[in-house]
Each structure stands twice: as structure tokens, then as C-alpha cells.
Amino acid sequence: MSTSAEPGLVRLRAVGYSDPVAQHLVARVQQEYVVRYGGFDEAVVDPAEFSAPVGLFLVAEVDGVPAGCGGWRSFGNGVAEVKRMYVEPAFRRRGIAALVLVTLERSAREAGHRQLLLNSGDRQPEALALYDRAGYVPVPGYGVYADAPDAVFLGKDLEVGQPEEDDAWAS
């Protein structure tokens, strides 16, 4: 999967969560949480949860350079959760996060999921704006941060036959 993004080509690769490039980007997002919230994300993540057919983890590269990542994992009953959405600072504001997100949505829908959930935080206005533009709405809290005052929980219904965003990604 690839699309053009200035000044280079964005390529999305499905990788295992334990892949060295994925782990580098996950470490970077965890460091972002330390800066914004004072600590790492404490939600438990099993790398196997991001392997087909129960999940997916994508790495975005621009001209071969790791630029971002994101994944989804199944919650069961037609629900999946978006995790570890991240774009390196040098690659932000180029549409990479939107590309990763729409590709994750498409993949989750094709895997039979009807809804995506995610947990973000009030100190991530860029992420919240992205999710708002993509149609995510508030949902009840869940998991380790269910009662955290700075946690933001969002969801989006993935309707079967939902129009694809052809201009957002290409195969």
C-alpha cells in the first residue's frame, strides 16, 4: 500500500508488533507519553494480538525511513481497538496518520469488525483532532484508564459497505 505525500512516497507495511522497526516506533510513542503524561502507557499489549487474523500492525515509511505506525487488535463481538498510533515529528502534518487510520479501519472492517474503539488523552490535541475529522465520537471508558480524568475514549462504527476513501490510500 502506498500513496504520495510530499516530499516522498508513503509506504505502509504490515509487520509483527515485535518487528524491530515497529518496536522502535512503539518506544518513540511511549516516550511521547512520558513527555505528555509523565509515564508510559500502562495498558497491557500482547504482540500476538496484532497478528492476522485477530489484528494488524502497520509501519509507515517515507522513502524507506520509518515515519509512523498504528495497529488494531480484536476485542471480540465485532469490536476492535486502535493502538499505538504515532507519527515521528519530522513527518507530521503530511496526512500520514490519516492514511494509517483509514487503512486500519478498512482492514478491521474487512476482518468482520463493526466498531473501532480507542483510548487517547486530553494532552494529545493533534490526535483528538484527527479522530474527530475521521468521525470518532465519545464512548464509555474501558480498560486500565477507564476512570482516569485525562483519558479520552472514542469509537466509530464500521458499516459494511461503507464508502472507501479512495483518495486517502492506494494498493
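Everything that follows concerns the structure shown earlier in this document.
The structure displayed is predicted, hence computed values, not measured ones.

## Describing unusual backbone geometry
Step number 1: Of the consecutive residues A52 and P53, the connecting peptide bond is found in the cis state with omega at 5 degrees.
Step number 2: By the element assignment, P53 lies in the loop between α1 (20–37) and β3 (55–62).
Step number 3: Although it is not a glycine, R84 adopts a positive phi angle of roughly 60 degrees.
Step number 4: Within the secondary structure, R84 sits in strand β5 (residues 79–87).
Step number 5: Using a relative accessible area of 4% as the deciding quantity, one classes R84 as buried.
Step number 6: Despite not being glycine, R93 has its phi angle at roughly 70 degrees, a positive value.
Step number 7: Following the sequence through the fold, R93 ends up in the loop between β5 and α2 (96–110).
Step number 8: When its relative accessible area of 86% is taken as the criterion, R93 is described as exposed.

## A short note on α1
Step number 1: Over its 18 residues, α1 extends 25 Å from the first C-alpha to the last, a length consistent with the 26 Å expected when each residue adds 1.5 Å.
Step number 2: Inspection of α1 places A22, L25, V26, V29, Q30, E32 and Y33 among the buried residues, and these make up the whole buried set. Buried residues of α1 fall within an arc of 150 degrees about the axis and therefore sit on the same side. Those residues of α1 that are exposed and angled more than 90 degrees off the buried face are P20 and V35.
Step number 3: For α1, the secondary structure elements touched by its buried residues are β3, β4 (65–76) and β5.
Step number 4: Two to three positions downstream of the cap, the backbone nitrogen of V21 sits 2.9 Å from a side-chain oxygen, assigning the N-cap of α1 to D19.
Step number 5: Remark: G38 follows α1 within two positions and exhibits a positive phi of approximately 90 degrees.

## Some details on the nonpolar core
Step number 1: Ranked by size, the top nonpolar core spans 27 residues in total, and within it V82, M85, I96, L104, L116, Y131 and Y136 carry the most contacts.
Step number 2: Taken together, the elements giving at least two residues each to this core come down to β2 (8–14), β3, β4, β5, α2, β6 (115–121) and α3 (125–133).
Step number 3: With 6 residues, the top contributor of residues to this core is α2.
Step number 4: Residues Y17, A22, L25 and F57 belong to the second largest nonpolar core, which totals 13 residues.

What counts and what doesn't
- Residues numbered from 1 in each chain as written.
- Predicted model: local features only at pLDDT ≥ 70, side-chain atom pairs only at ≥ 80, totals over all residues.
- Heavy atoms only, no water.
- Helix = DSSP H or I, 4+ residues; strand = E, 2+ residues; numbered from the N terminus.
- Buried < 20%, exposed > 50% of the residue type's maximum accessible area, 1.4 Å probe, protein only.
- Expected span 1.5 Å × (residues − 1).
- Arc of directions from axis to C-beta.
- Contact = heavy atoms within 4.5 Å.
- Polar contact = N/O pair within 3.5 Å; in protein donor to acceptor, adjacent residues only side chain to side chain.
- Core = buried A, V, L, I, M, F, W, Y, C linked by side-chain atoms within 4.5 Å.

Functional significance is not addressed by these values, which are geometric in nature.
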